[in-house]
Amino acid sequence: MCGRFSLGIDSDDLAFELGNQYFHAIARHNQQRQRDLDGDEEQPEDDHDNGQDDANGGEENTDSNQADGGLDELPRSASQRSRASQSSDVGDSIRWADQSDKENFRKRYNVAPQSRSVVVRFPKSTTKDVQTSVQPRIPQLELMKWGLVPSWTKRAPEKPLQTINCRDDTLFSGQGMWSPIRGSKRCVVVAQGFYEWLAKGKEKIPHFTKLKDDKLMVMAGLWDNVVYQGSTEVLKTFTIITTSSNKQLSFLHDRMPAILTTPQEIALWLSDEPWSPKVQALIRPFSGELECYKVPYEVGKIGKDSSDFIKPINERKGNIMSMFAAQAKSSPSKTASSSSPVQPPGSTSTSKPKPEKDLKPKSSEIKSRSKPLKEEAEGKKRDRSSSVEIIEDTEPPSQKKVKK
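Residues numbered from 1 in each chain as written. Predicted model: local features only at pLDDT ≥ 70, side-chain atom pairs only at ≥ 80, totals over all residues. Heavy atoms only, no water.

Participant: Would you mind showing me how to read the pattern of salt bridges here?
Facilitator: Side-chain pairing between opposite charges can occur once the charged atoms of the two side chains come close. Evaluation of the coordinates by the stated rule reveals 10 salt bridges. One salt bridge connects Arg-121 with Glu-142, and the closest N-O pair in it is separated by 2.5 Å. Of this pair, Arg-121 sits in strand E4 (residues 116–121) while Glu-142 sits in strand E5 (residues 140–146), and the two are 21 residues apart along the sequence. Across the pair, Glu-142 and Arg-121 agree in class, each one buried. Judged by relative accessible area, which is 1%, Glu-142 ranks as buried. What emerges from the salt-bridge pattern is a single network uniting Arg-121, Glu-142 and Lys-236. (Salt bridge = Lys/Arg side-chain N within 4 Å of Asp/Glu carboxyl O. Helix = DSSP H or I, 4+ residues; strand = E, 2+ residues; numbered from the N terminus. Buried < 20%, exposed > 50% of the residue type's maximum accessible area, 1.4 Å probe, protein only.)

Structure follows, in structure tokens:
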């Protein structure tokens, strides 16, 4: 299953990274497809990329093949490739649907059910779009509440519905609440990775799972809108589709989110294509490389949030193991050197260090120390006895005789 995930990225960075990693390739592919549909074989005058490709002997084919068959590794951060040089391309490949959503978005490392997070979907096509053959639609980032509420719901549920996840077997069956929306209301849920708890007896140990290459994780989902009776507010909600766990995560849980890995898979899932075996085939256990490790127990507390939650325990700041590791790395021979005396430079002395002086006092010293104390005690005793004798001497002789 997927009951908690992380998305600790700012709104601008999130849009940029999604465009850079996935949606820029989708946009280029769709643009080329639109040209083919329009029968426009002429190269645009301002298309400098194509002119450069021709000058380089057909590199355009390489880019086209990447768009059709998947992306090669794209730069992960702005330091590797200037954002300014990509603004015209990446900026037009994905955008926020509403400025208020962008302003209200907050990066969080502990996204829990019933909270709002980011999903991506294509805006709906209109009859006018089809008739005018406009450029392909741009995918949009939107804030939605996690836990799908069907559009036919009349009143707000008294308790949250158990709809944070949608099982693939139920989805495939074509029955139940998922059937009406699986062909027209598909979305993807964006995350850095997801949390899962390993059950060991009564103990539950939290783990974090992310993509090996540190790309953003794109999980298949469904969305819906609902307006309750007596209200005018539109509530947007989503669910994450789960499938059988792969071999790598089978030790952790028997379910995992359905992860989409290439721009083509994402484009097909978000398209208007009706539900079909081709679309259904996208929902399967992840076959790529994942990284999974233990994380702090605090992540299990709703409302707690920290960037440390997505770090391995042994790398967490303040962790005793990380402290020992840092000490060992900075001074690996400190322990060994501290037990031996420091020799001056150039010294070859092999003399052993003198043993420490025996601090136990000798018996003669004990006697000499105790002698004054003994004499003082005897003197006080004599003083007391002499006082008594003086008192007795003052008594009449007759009383002395009576005493026994």
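Participant: Teacher, can you tell me more about the nonpolar core here?
Facilitator: In a soluble, globular protein the nonpolar side chains are often hidden away together inside. Counting 60 residues, the largest nonpolar core has Leu-14, Leu-18 and Trp-269 as its most contacted members. When near neighbours in sequence (up to four residues on either side) are disregarded, Trp-269 contacts Arg-186, Cys-187, Val-188, Ala-220, Gly-221, Leu-222, Ile-241, Leu-260, Trp-275, Val-279, Leu-282 and Ile-283. Counting eight residues, the second-largest nonpolar core is a separate cluster that includes Tyr-109, Tyr-293, Phe-309 and Ile-310. (Core = buried A, V, L, I, M, F, W, Y, C linked by side-chain atoms within 4.5 Å. Contact = heavy atoms within 4.5 Å.)

Participant: Would you mind showing me how to read the pairing of E4 here?
Facilitator: Where burial is concerned, most of E4 is hidden: five out of the six residues are buried. Pairing between E4 and strand E7 (residues 186–191): two bridges, direction antiparallel. Bridging from a neighbouring strand, Val-120 pairs with Val-188 of E7. (Pairing = 2+ DSSP bridges.)

Participant: How do you make sense of the environment of Ser-287 when you look at a structure like this?
Facilitator: Turning to its location among the elements, Ser-287 is positioned in the loop between helix H9 (277–280) and strand E14 (290–294). Here Ser-287 falls in the exposed class, since its relative accessible area comes to 72%. As a C-alpha pair, Ser-287 and Gln-248 span 39 residues in sequence and 9.3 Å in three-dimensional space.

Participant: I'm lost on unusual backbone geometry in this one. Help?
Facilitator: Comment: phi is negative for the bulk of residues other than glycine, and the bulk of peptide bonds are trans. Notably, Gln-114 is not glycine yet its phi reads approximately 75 degrees, a positive angle. Phi is positive for Asp-214, which is not a glycine, with a value near 65 degrees. Looking at the secondary structure, you find Asp-214 in the loop between strand E9 (203–211) and strand E10 (217–226).

Participant: Can you help me understand the sheet that holds strand E8 (residues 193–200) in this one?
Facilitator: Note: strands within a sheet are paired through backbone hydrogen bonds, in either parallel or antiparallel orientation. Read across the sheet, five strands follow the order E3-E1-E8-E9-E14 without closing on themselves; strand pairing throughout is antiparallel. With one partner strand each, in any of the chains shown, strand E3 (108–111) and E14 form the two edges of the open sheet. Direction aside, the axes of adjacent strands within the sheet are offset by 30 degrees on average. Summarising the sheet, strand E1 (residues 5–7) and E8 pair through two bridges and their orientation is antiparallel. The partner of Ser-6 across the bridge, within E8, is Gly-193. (Axes fitted to C-alpha atoms, helices over the stretch in contact; angles between N-to-C directions.)

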